[in-house]
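# Examination of the molecular architecture
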Amino acid sequence: MSSFIPAQSDDVSVATIRALAADVVTKANSGHPGAPMGMAPVAHVLYSRFMNINPKNSKWFNRDRFVLSNGHACALQYVLLHLLGYKLSMDDLKAFRQLDSLTPGHPEAGHTDGIEVTTGPLGQGFGNGVGLAIAQAHLGAVFNKPGFELINNFTYVFSGDGCLMEGVASEAASLAGHLQLGNLIVIYDDNHISIDGDTAVAFTENVGQRFLSYGWQVLHVDNGDSDFRAIYNAIAEAKLEKSKPTLICLKTTIGFGSKQQGTHGVHGSPLKADDIQALKTKFGLPADKSFFVPPATYDAYADIGKRGAFLEAQWNSLLGEYGQKYPKEHGELTRRISGELPTNWEQCLPVYKSTDAAQASRKLSEIVLTALAPVLPELLGGSADLTGSNLTKVKGSVDFQPPSTGLGNYAGTYIRYGVREHGMGAIANGIHAYGGIIPYVATFLNFVSYAAGAVRLSALSGHQVIWVATHDSIGLGEDGPTHQPIETAIHFRSTPNLAFWRPADGNETSAAYLVALKSKKTPSILSLSRQNLPNLEASSIEKAAKGGYVVHEVESEDLTIVSAGSEVSIALEAAATLNAEGVKTRVVSLPCWLVFDKQPEEYRLSVLRSGAPILSLEALSTAGWSKYSHEQYGLPAWGASGPYQKVYEKFGITGSNIAVVGKKVVDFYKQKGGPVVSPLVKAFTL
């Protein structure tokens, strides 16, 4: 293990980081100065001695990844990005937390150059870090060759007390220990302060012992405020451990140097002017200057960038040599890094006729995955202990497991997440953030709610994570209301940039995968049935890929029934009865609201047109359907336990009853008189 060599710039650089973090928060009159000031030494040692990054190319593929899990300490990350020479100016620092600035209130991936993942909700970044480490281990196992260690970076995570209180971090940490991710190093800012005060009021467990039980290596630094050598030695030792992730318990003083250091008063409030002046004087900086950076600090951080540029140049040279010796693997790796899908992969999607056998859409999903696996090796799947129910493991696929377990290897493409839905979601975000992989994860739709925090950040960050969410309605039957996700669909349908698909048959299931795989910056939830669904006569992948289409057309209709998923076939049954009785009824399938809403207005108004009332039908809450229909039929409250056919009958979701309901709707609007305008037609646009 190499030894720590002090540099003249160390003390002044750490002082600069502390003072800048305080200035940033004070200028905004908002933010968290305490953790950045406490973690300045470890941040400086990490970046100046260990991090392999190139600020001039923040997307260099083999760069080390850094995650600020305690995202409220974002002033620290912004200061570092500025000093390192990323695309973040001093003016950007001064605009911290201002509207449309590059320095928002918490780090946002894709918004600020150099930010790997969006953090802020505590614990999410911890899970992201585990995902980043999984991605490196997987791609390294797939593409590295003797003499060509192309993918061998480390992932470093800064985490605080709040992160380690969150269940999502515990879930992710447990799995990371099982997976023996020696490329993951988490630095725990053990300052014993949270917003409510000293952690003695709520968080008194032995964190180190907990992580030892997870199978982690645990190291300790007793003086994180100024012992640069101890910090260096801990990180260096962590890098030597190849079969365990490492937690470094770093004791720091929150707000170090402030008059309020060590108290919760410096956690989430700006320092007062006299406190900042005293702080700067104590650290040898000009007390009367704000946002001051000594030349020695800029020079030291410029050297980090030069080192990173040199390392990337070496890597590019190695990649070129790799291409000469392994042209096939080189082509595949560079394709996956670019994010481009193979040519004509869509031709592998299954296509169905109405005469094909009825199948559950979860089974149809399995058929799609089986067809795609040979042509899309970037698919890395997994389930939260429901593989046999979700049907997500492709036959013959190998599990992603430590080779020492005999259960698989790191080149495997299927992850056993265990019963850890929230951790699974956060990990999947990290896997996608790494690049070169499209993760899909699975559980019952009801339990995606457990992972809602991670799903929300998928949508906000633009992570292409595909959720295979089976057992999606009262159609799951005997498990009853505890497992029937009545309210879940509207929750996720209302989430911006989240495609919630509820396919009605085989072609619609293939369409859901088609659009999900082409949507590079949008996560998708595929809401799939347990019960068998017939293949529709008028469905096609092309039509369903528009998010909504007419599945049964008549002219001069009296009624349109719009539905989704397992209820579309019931709507068609009702329409057949109504048409036989002389009530002209057309049917629309609306598998994905988000995608349908993006279609041209002319198309949308041709599908849900004016002239007759529109009735929506779904075996879920009716919330949200008024956007597309005049009247709504669905679940008024919770579901019920019993054979699914009986449950559907109990709530009147049958072809015969919907025909009766449809007739009442038609009669009502005829008696009401006047033109019937599509709900899509707006009187004015805000």
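Reading the values: the criteria
Residues numbered from 1 in each chain as written. Predicted model: local features only at pLDDT ≥ 70, side-chain atom pairs only at ≥ 80, totals over all residues. Heavy atoms only, no water. Helix = DSSP H or I, 4+ residues; strand = E, 2+ residues; numbered from the N terminus. Rg over C-alpha atoms; globule rule 2.2 N^0.38 Å. Contact = heavy atoms within 4.5 Å. Areas by Shrake-Rupley, 256 points an atom, 1.4 Å probe, with all protein chains shown as cover. Lys, Arg positive; Asp, Glu negative; His and termini not counted. Charge placed at Lys NZ, Arg CZ, Asp CG, Glu CD. Buried < 20%, exposed > 50% of the residue type's maximum accessible area, 1.4 Å probe, protein only. Pairing = 2+ DSSP bridges. Arc of directions from axis to C-beta. Polar contact = N/O pair within 3.5 Å; in protein donor to acceptor, adjacent residues only side chain to side chain. 1 Å grid on protein atoms, 1.4 Å probe; cavity = no way out; pocket = protein on both sides within 12 Å on 5 of 7 lines; lining within 4 Å. Points joined across faces, edges and corners; volume = space filled by probe spheres on them. Nonpolar A, V, L, I, M, F, W, Y, C, P; charged D, E, K, R; others polar. UniProt positions renumbered as here; feature names shortened; annotations may be inferred. Expected span 1.5 Å × (residues − 1). Axes fitted to C-alpha atoms, helices over the stretch in contact; angles between N-to-C directions. Salt bridge = Lys/Arg side-chain N within 4 Å of Asp/Glu carboxyl O.

A word on the overall build of the chain. Counting its secondary structure elements, the chain contains 25 helices and 20 strands. Computed over the C-alpha atoms, the radius of gyration of the chain is 28 Å, within 12% of the 26 Å expected from 2.2 N^0.38 for a compact globule of 686 residues. If one aligns the C-alpha atoms of the chain with their principal axes, the spans along those axes are about 90 × 60 × 45 Å. Sequence separation of 24 or more characterises 78% of the internal contacts of the chain that already satisfy a separation of 6 or more. Of the roughly 25700 Å² of accessible surface on the chain, 53% is carried by carbon and sulfur atoms. With 57 positive and 63 negative side-chain charges, the chain shows a separation of 2 Å between the mean positions of the two kinds.

Turning our eyes to something else, we now look at the pairing of strand E9 (residues 379-383). Counting buried positions along E9 yields five of five residues, so the element is predominantly enclosed. Burial of E9 is two-sided: the residues Leu-379, Gly-381 and Ser-383 facing one way and the residues Leu-380 and Gly-382 facing the other way are all buried. The pairing of E9 with strand E11 (residues 438-444) spans three bridges and is parallel. Paired with Ser-383 across the strands is Ala-442, a residue of E11. In this structure, E9 lies alongside strand E10 (residues 414-416), joined through three bridges in parallel fashion. Bridge assignment links Ser-383 to a residue of E10, and that residue is Arg-416.

Once that is clear, we can look at helix H8 (residues 207-214). Residues of H8 that are buried include every one of Val-207, Gly-208, Arg-210, Phe-211 and Tyr-214, and no others. Relative to the axis of H8, the buried residues are bounded by an arc of 160° and lie together on one face. In the core, the buried residues of H8 are packed alongside helix H5 (124-143), helix H6 (161-165), helix H7 (167-179), strand E3 (184-190), strand E6 (217-221) and strand E7 (246-251). You can read the cap of H8 off the contacts: a side-chain oxygen lies 3.2 Å from the backbone nitrogen of Gly-208, and it is on Asn-206. Directly beyond the C-terminal end of H8, a positive phi value near 95° is found at Gly-215.

Turning to empty space enclosed by the protein, a few remarks are in order. Here the structure, examined in full by the defined rule, presents two cavities of 30 Å³ or more. Here the largest cavity defines a volume of roughly 40 Å³. Lining the largest cavity we find Ala-19, Leu-20, Asp-23, Lys-280, Leu-285, Pro-286, Lys-289 and Phe-292. Top contributing element to the lining of the largest cavity by residue count: helix H1 (residues 9-28), with three residues. Partitioned by chemical class, the residues of the lining of the largest cavity number five nonpolar, no polar and three charged.

A positive phi angle, close to 65°, is found at Arg-97, a residue other than glycine. Structurally, the position occupied by Arg-97 is in the loop between helix H4 (90-94) and H5. Classification of Arg-97 as partly exposed rests on a relative accessible area of 26%. One non-glycine residue with positive phi stands out, namely Asn-344, at about 65°.

The UniProt feature table records "binding site: substrate" (unreviewed entry) at His-32, His-267, Arg-362, Ser-389, His-471, Asp-479, His-483 and Arg-530. Over a stretch of 499 residues, the named residues are scattered through the fold, their C-alpha atoms separated by up to 48.8 Å. Residues within four places of His-32 in sequence aside, it is in contact with Val-25, His-72, Arg-97, His-267 and Gly-268. Separated by 3.1 Å, the side chain of His-32 and the backbone oxygen of His-267 make a polar contact. Position of Asp-479 among the secondary structure elements: in the loop between strand E12 (466-470) and helix H18 (488-493).

This part covers the environment of Val-394. As for its position among the elements, Val-394 is in the loop between helix H14 (387-390) and E10. In this structure Val-394 comes out as buried when scored by relative accessible area, which is 13%. Sequence separation between Val-394 and Ile-438 is 44 residues, and the spatial gap between their C-alpha atoms is 15 Å. Once residues lying within four places of it in the same chain are set aside, the contact partners of Val-394 are Leu-369, Thr-370, Ala-373 and Tyr-440.

As annotated in UniProt, the feature "domain: Transketolase-like pyrimidine-binding" (unreviewed entry) corresponds to residues 359-535 in the numbering used here. Across residues 359-535, helical content stands at 36% and strand content at 18%; the span's end C-alpha atoms are separated by 8 Å.

Each α-helix turn comprises 3.6 residues. Residues three or four places apart therefore point the same way. End to end, H1 covers 28 Å across 20 residues, agreeing with the expected 28 Å (1.5 Å per residue, within 8%). Burial of H1 is extensive: 16 of the 20 residues sit out of reach of the surface. Positive backbone phi, approximately 55°, marks Asn-29, located one or two places after H1.

Here we have five strands laid out as an open sheet, ordered E1-E2-E3-E7-E6, and parallel in their pairing. Of all the strands in the sheet, the pair left with one neighbour each is strand E1 (65-68) and E6. In this sheet, neighbouring strand axes are inclined to one another by 20° on average, regardless of whether the strands run parallel or antiparallel. Alignment of E1 against strand E2 (residues 155-160), held across four bridges, turns out to be parallel. When the bridges of E2 are listed, Leu-68 appears paired with Phe-158. Where H5 meets the sheet, its contacts fall on E1, E2 and E3, and the angle it forms with E2 comes to roughly 165°.

Backbone-to-backbone hydrogen bonds pair the strands of a sheet. The strands run either parallel or antiparallel. One open sheet holds the six strands; their spatial order is E10-E9-E11-E12-E14-E13, and the pairing between them is parallel. Edge positions in the open sheet fall to E10 and strand E13 (499-501), since each of these has one partner strand only. Strand-to-strand twist across the sheet, computed as the mean angle between neighbouring axes with direction ignored, equals 20°. On the sheet, helix H15 (residues 421-434) packs against E9, E10, E11 and E12 and is oriented at approximately 170° with respect to E11.

Attention shifts here to the pattern of salt bridges. Summed over the entire model, instances satisfying the criterion amount to 25 salt bridges. One salt bridge connects Glu-205 with Arg-210, and the closest N-O pair in it is separated by 2.5 Å. One salt bridge in this structure joins Glu-332 and Arg-335, with 2.7 Å as the shortest N-O distance. Here Arg-335 and Glu-332 lie together in helix H12 (residues 327-338), a separation of three residues that amounts to about one turn. One connected set of salt bridges, linked through shared partners, spans Asp-472, Arg-493, Arg-502, Glu-567 and Glu-618.

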